[in-house]
Amino acid sequence: MSQDKSTDDVCEACGSFVELGSVIAEDDTVLVLPFTGKDKQAVNALSEKYIEAAKARFATVEVSTQETINGDDVTLQVSLNFDCTAEKLIFEMGLSAI
């Protein structure tokens, strides 16, 4: 006797259903982190912590940055391009520890 196994997973915390294939796209490898503040040095220092954490965990991550200034605010947009989606997800799950 065979059983039909569903590809849906149930979240134990809230009981919602999710099909992992719809959440995880194979080509979703870029994580964009915006850092904004009044002090350019502080913005750069904070972004550097995240860049260093990404490089320490995944040596092949590619980093690009784009800076914009709007009045007194400095925004540094950091793009982290990982080798695969799994690396991006693993890094995202650990963001709160940085």
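Our subject is the structure that appears above.
Below, the structure is looked at part by part. All residue numbers refer to position in the chain's written sequence, counted from 1. Given that this is a predicted model, residues contribute local features only at a pLDDT of at least 70 and side-chain atom pairs are listed and counted only at 80 or more, while totals for whole chains, interfaces and linings are drawn from all residues. Think of the side-chain values as coming from all heavy atoms in the structure, minus any hydrogens and water.

### With respect to the pairing of strand β3 (residues 30-37)
Heads up, the rule is: Three exposure classes are used, based on accessible area relative to the maximum for each residue type with a 1.4 Å probe and protein chains only: buried under 20%, partly exposed in between, and exposed over 50%. Every helix listed is a DSSP run of H or I at least four residues long, and every strand listed is a run of E at least two residues long, numbered separately from the N terminus. What makes two strands pair is DSSP finding at least two bridges between them.
Taking every second residue as pointing to the same face, the buried face of β3 carries Leu31, Leu33, Phe35 and Gly37, while none of Val30, Val32, Pro34 and Thr36 on the other face is buried. Note: β3 against strand β5 (residues 73-81), eight bridges, orientation antiparallel. Paired with Val30 across the two strands is Asn81, which belongs to β5.

### With respect to the nonpolar core
This is how the line gets drawn: In these notes, a set of buried Ala, Val, Leu, Ile, Met, Phe, Trp, Tyr and Cys residues joined through side-chain atoms within 4.5 Å is what counts as a nonpolar core. For this analysis, residues touch if any pair of their heavy atoms sits within 4.5 Å.
If you look at the biggest cluster of nonpolar residues, it comprises 15 residues, and the most contacted ones within it are Leu33, Leu80, Phe82 and Phe91. Those elements giving two or more residues to this core turn out to be β3, α2 (40-57) and β5. For this core, the element with the highest residue contribution is α2, accounting for four residues. When near neighbours in sequence (up to four residues on either side) are disregarded, Leu33 contacts Tyr50, Leu76, Gln77, Val78, Leu80 and Leu95.

### Quick notes on the environment of Thr68
Mapped onto the elements of the fold, Thr68 is located in strand β4 (residues 62-70). As a C-alpha pair, Thr68 and Thr36 span 32 residues in sequence and 9.4 Å in three-dimensional space. Apart from the residues within four sequence positions on either side, Thr68 is in contact with Asp73, Val74 and Thr75.

### Focus: α2
Counted only if it meets this: Each residue after the first adds 1.5 Å to the expected span of a helix. By arc we mean the arc of the directions from the helix axis to the C-beta atoms, nothing more. Here a polar contact is taken to be a pair of N or O atoms separated by no more than 3.5 Å, where protein atoms must pair a possible hydrogen donor with a possible acceptor and residues adjacent in sequence count only if both atoms sit in side chains.
Here α2 is 18 residues long and its end C-alpha atoms lie 26 Å apart, about the 26 Å a rise of 1.5 Å per residue gives. Looking at α2, one finds that the buried residues are Val43, Ser47, Tyr50, Ile51 and Ala54. One face of α2 carries all of its buried residues, which in axial projection span an arc of 100 degrees. Away from its buried face, by an angle of more than 90 degrees, α2 presents the exposed residues Gln41 and Ala56. For α2, the elements touching its buried residues are β3, β4, β5 and α3 (85-93). Between a side-chain oxygen at the N-terminus of α2 and the backbone nitrogen of Gln41 the separation is 3.2 Å; the capping residue is Asp39.

### Concerning α3
Among the residues of α3, those classed as buried are Thr85, Glu87, Lys88 and Phe91. Within α3, the buried residues cover an arc of 160 degrees as seen down the axis, which keeps them to one side. Those residues of α3 that are buried lie in contact with β3, α2 and β5.

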